[in-house]
Every structure is written in structure tokens, then in C-alpha cells.
Amino acid sequence: MHISEKKIRIIIIGGSGMIGGAIVHYFNKCCLANIEVLSPNSKMLSLKSVDDMRQYFQRWRPDYIINSAIAAIDSDPELAYTVNYLGCINLARVALSLQIPYIHISSAAVLPDGNDLDENSRLELDAKLTNYAKSKLMSEMTLEHLHEQEGLDYTAIRLAIVYGKHDYKIQGIHRLLYSIADQAMGFLFTGKDVRHSYTNAKKLPCFIHHTLQNREEFNGEVYHFVDPEPVRMAELILTIKDYLGVAKPIKLFVPLAAARMGLGGINLLLKILVRLGIEAKMPAELLFLDQFYQTQTLSSAKLQASSYHDPKPEETIISKLPEMIEYYIARWEHLNLISDFNRDDLNKKGQVFDFHKKPAELLQDIHSKRIYPFDDFENL
Ligand SMILES: NC(=O)c1ccc[n+]([C@@H]2O[C@H](COP(=O)([O-])OP(=O)(O)OC[C@H]3O[C@@H](n4cnc5c(N)ncnc54)[C@H](OP(=O)(O)O)[C@@H]3O)[C@@H](O)[C@H]2O)c1
């Protein structure tokens, strides 16, 4: 996909989502005028409908397909199977038929718990897995099969816990941030040394672009796209708390057994509410409570050894926190989801955070007048 006369068409499925949105934005803004990006929403092209797919791809014959679509994380078996698995594989079959590369966004949900897991690690396929994990695992396995048996040109990119802006559904780590800002988390629902890997949503599109430009290297491969250093969950929670200047959570680690008992209580309450005719369901994140207590870190060795170079290796979830917090607090205040945050206070905390962690950037921001932390004394 270097400069060429021919216009290149990329179709991105799931472009209204958090990850897909970042990919669409990157390819629309980036680089070369000869790239055309199409991103049909699920009304225009539903992965549930083979007819939709046939019609769409007959009309818009792409040079690349990127699949970032996913049904809701707590979907029932039918939706998870149809959208996440069948949809993914039908797209791969389109790619096979058009003889074009296919980029599949996968997830750390296909991995067991553990430290420094490499790309060869995978869970055993088992009926007891969540519908989400099962569908992602089966997708990876069938893609590999299609590569070996029919020559599918594909790359699967596994993401860990994703951080970044524009998570309008407030999921994953942004839900954690929300629950601290909303003061809904009283104690630390994690273990002292539990660590996880994180994926920077903004960096992913650049890596995808690189894989499209270097098919020989990336064809038939699985990659972990994660920051090199895992982060302790307790450190992340307490840094967010400090930054927000809130009283909770108190630094007391709730053991998993106690957290599970609490979850059991919520389950019972939900059942009673449903019997009373009140619609209620378990927040999706609580379905993954165990993960707050299990370390899962993904090795980035294969990524580091590849021809891709991280343009901003210094950027991590901790260094991006001030920017993310300011963005989400402003957004949630506008939506009346939270209140009582003093914006000046937050700005000041952001500066103190930068002073502590990245003083050179703070100084540059001040000198370039991006921020003006001084008072005016003109009236003296
Ligand atoms: N976010 C994370 O923390 C995380 C972590 C690891 C891996 N991942 C992976 O990243 C990918 C994207 O996740 P995300 O967080 O961006 O999801 P998301 O924000 O929930 O977005 C899901 C996208 O899928 C589309 N979609 C849903 N049902 C569809 C259907 N039947 N047909 C076509 N499109 C459909 C939605 O389109 P409409 O809005 O038009 O319905 C939306 O654009 C997934 O493969 C996920 O497994 C995400």
C-alpha cells in the first residue's frame, strides 16, 4: 500500500465502535489520498445477514477487509455465534473469494491467565467458556484452518484491556474509571499483585496499516498488540483515585471470596426485581469479576521483534490517564452521568501529575502556551 496510482479501498466492519472508530479515523485522516475507506454500519451491512454481505461486497469490491465488529459482550449464544463467529468467518470467505487480505481483531479472552503469554498460547475450547471467549477462540482457530487449507491471507491481532477516548458504551477500563469517579467503588476489588496488559486504541490503526503494507511478514500470523509493560491493577485504581482527588476506594483489598458473595447478593436482588416485572440485568463488567483477581499479561516480544516500530513508546495507560480523565469527566458531566467535579481542580491535578511523571512535557506545554497555569498581575 505504498504510493501507487491505483485507488485502494478498505472496508472496515464495526467502524462505529470504539476500536473500529479509531481505525476509520486514522485511515480517513492519515496518509495517502489514494485510500478510500468504507465503513457500513450494522443497519447497512449486518454480519447476521449473508444477503447483506453478498450484496455489499458485490457492489464495493475492496482491496482489504478489517473486521472490528462484535456483538455485546454479554450476548446470548445465538448472537455471539452468529455475529462474532459466523460473521467473522463469512468475511474471511469473502476475502478468500476476492483474494484479498483480511485483518481480524481478536482478544486476550482467548488466553488463559498467566504471565508473559505468547501468541502460541490459547485456551482449550470448552463449553464452559463465556460466549464471547468461545466465539473469539473459534474464530481464531477457523482463520488458522482457512489459512492452512485454502491459503487465506489474514492477520489476527489480539488486544488486551483497551484504553483510549471515544468509548461511548463505557466498557472495560473506562467503566472502572467511571465507577471511581462516581464513587461507586468502596474498596479495592483486586489482589495486591494482580497485573494486566493494556492496549493503546490510538496506536492500533498505525500497526494495522503497517501489516497491510507488509503482507509477506504478517500473513498467517497472530500478534499481541499491547504496551510492553503490564500494570498493577491496584496501582491503576489508586492513581485514578489520587488524580480525581476522591475519598474512595479505601485502600483495603476485598478477597475474591467476599467479592463473589457480594455478586451472589446482587444476582438474588436482580432475580427478585425481574419477578416483580422490573427489567434489570447484571452489569456486563461484573460477569468478569474473576479477571480483577487474576494476572494476565501478554508477551509483546513478537511485536517488538517485528518490523513495526512504536512511534511513541513512552505512552502508556498511566501517562495517558490525565488526558483520558479530563476527556471522560467532561463527557460524563455533559451527559449528567456524574457531577461535582471542579474542572480547575482537575486541571491543576493534571499539572501536578505531569510535574511528577513527565516534567519536560509539562514545561513544553507551558512554554508553548498550550496551558497557562499562572495568574495575571496586570492590575498591579
Ligand atoms: N474494547 C476492548 O476493551 C477490547 C478488548 C479486547 C478486544 N477487543 C476487540 O475489539 C473489537 C472491537 O471492539 P469494540 O470495543 O470496538 O466494540 P464496540 O465498541 O462494542 O463496537 C462494536 C461494533 O460492532 C458492530 N456490530 C455489532 N453487531 C453487528 C452486526 N450484527 N453486524 C455488523 N456490525 C455489528 C457495531 O456496529 P453498530 O453500532 O452499527 O451496531 C459496532 O460498530 C472486537 O473484536 C473485540 O473483541 C476489544
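Check the entry above for the structure.
**Side note on helix α2 (residues 50–59)**
Logical step 1: Listed in full, the buried residues belonging to α2 are M53, Y56 and F57. Down the axis of α2, the sector holding all buried residues measures 90°, keeping them to one side. Exposed residues on α2 whose side chains face more than 90 degrees from its buried face are D51, R54, Q55, Q58 and R59.
Logical step 2: For α2, the secondary structure elements touched by its buried residues are β1 (8–13), β2 (35–38), β3 (64–67) and α3 (77–98).

**A closer look at the side chain of D167**
Logical step 1: When you line up the elements, D167 lands in the loop between β7 (161–163) and α5 (172–181).
Logical step 2: Of the side chains with opposite charge, K169 lies nearest to the buried D167, which makes no salt bridge, at 7.3 Å.
Logical step 3: Within polar-contact distance, the side chain of D167 engages the side chain of H174 at 2.7 Å.

**Some thoughts on the side chain of T190**
Logical step 1: Of note, T190 is situated in the loop between α5 and β8 (195–196).
Logical step 2: Apart from the residues lying within four places of it in its own chain, the contact partners of T190 are M233, A234, I237, F253, V254, F292 and Y293.

**What to know about the pairing of strand β6 (residues 154–159)**
Logical step 1: Burial analysis of β6 places six of its six residues in the buried class, the great majority of the element.
Logical step 2: Residues of β6 alternate between two faces, with Y154, A156 and R158 on one and T155, I157 and L159 on the opposite face, all of them buried.
Logical step 3: Pairing between strand β4 (residues 102–107) and β6: six bridges, direction parallel. Looking across to β6, one finds that S106 is bridged to R158.
Logical step 4: Note that β6 and strand β10 (residues 221–225) share five bridges and pair parallel.

**Quick notes on the packing of aromatic side chains**
Logical step 1: Within this structure, the stated rule accounts for 13 aromatic pairs.
Logical step 2: Here Y26 and F27 contribute two aromatic rings whose centre-to-centre distance is 5.0 Å and whose plane-to-plane angle is 85°, an arrangement assigned as edge-to-face.
Logical step 3: Judged by its relative accessible area of 2%, F27 is buried.
Logical step 4: Three or more aromatic residues link up through ring pairs in this structure, and these residues are F207, F218, Y223, F225 and Y308.
Logical step 5: The ring of Y223 has K302 lying over it, and the distance from NZ or CZ to the ring centre is 4.6 Å.

**Looking at unusual backbone geometry**
Logical step 1: The residue after K248, namely P249, is reached through a cis peptide bond having omega 5°.
Logical step 2: Position of P249 relative to the elements: it lies in the loop between α8 (233–244) and α9 (256–275).
Logical step 3: Phi is positive for N336, which is not a glycine, with a value near 60°.

**Looking at the site of the ligand**
Logical step 1: In the vicinity of the ligand, 25 residues are found, and the nearest of them are S16, S42, Y132, K136 and K169.
Logical step 2: Residue Y132 places a side-chain N or O atom 2.6 Å away from an oxygen atom belonging to the ligand.
Logical step 3: Contact between the ligand and K136: an oxygen atom at 2.7 Å from a side-chain N or O atom of the residue.
Logical step 4: For the ligand, whose accessible area on its own is 900 Å², the fraction buried by protein is 83%.
Logical step 5: Contributions of two or more residues to the shell around the ligand are made by α1 (18–29), β4 and α4 (131–150).
Logical step 6: By residue number, the principal contributor to the shell around the ligand is β4, which donates three residues.
Logical step 7: Of the residues in the shell around the ligand, the class split is 12 nonpolar, 11 polar and two charged.

Calculation notes
Residues numbered from 1 in each chain as written. Predicted model: local features only at pLDDT ≥ 70, side-chain atom pairs only at ≥ 80, totals over all residues. Heavy atoms only, no water. Buried < 20%, exposed > 50% of the residue type's maximum accessible area, 1.4 Å probe, protein only. Helix = DSSP H or I, 4+ residues; strand = E, 2+ residues; numbered from the N terminus. Arc of directions from axis to C-beta. Contact = heavy atoms within 4.5 Å. Lys, Arg positive; Asp, Glu negative; His and termini not counted. Salt bridge = Lys/Arg side-chain N within 4 Å of Asp/Glu carboxyl O. Polar contact = N/O pair within 3.5 Å; in protein donor to acceptor, adjacent residues only side chain to side chain. Pairing = 2+ DSSP bridges. Phe/Tyr/Trp six-rings, centres within 6.5 Å; stacked < 30°, edge-to-face > 60°. Lys NZ or Arg CZ within 6 Å of the ring centre and 35° of its normal. Near = heavy atom within 4 Å. Areas by Shrake-Rupley, 256 points an atom, 1.4 Å probe, with all protein chains shown as cover. Nonpolar A, V, L, I, M, F, W, Y, C, P; charged D, E, K, R; others polar.

Take it as geometry only, folks, not as evidence of what the structure does.
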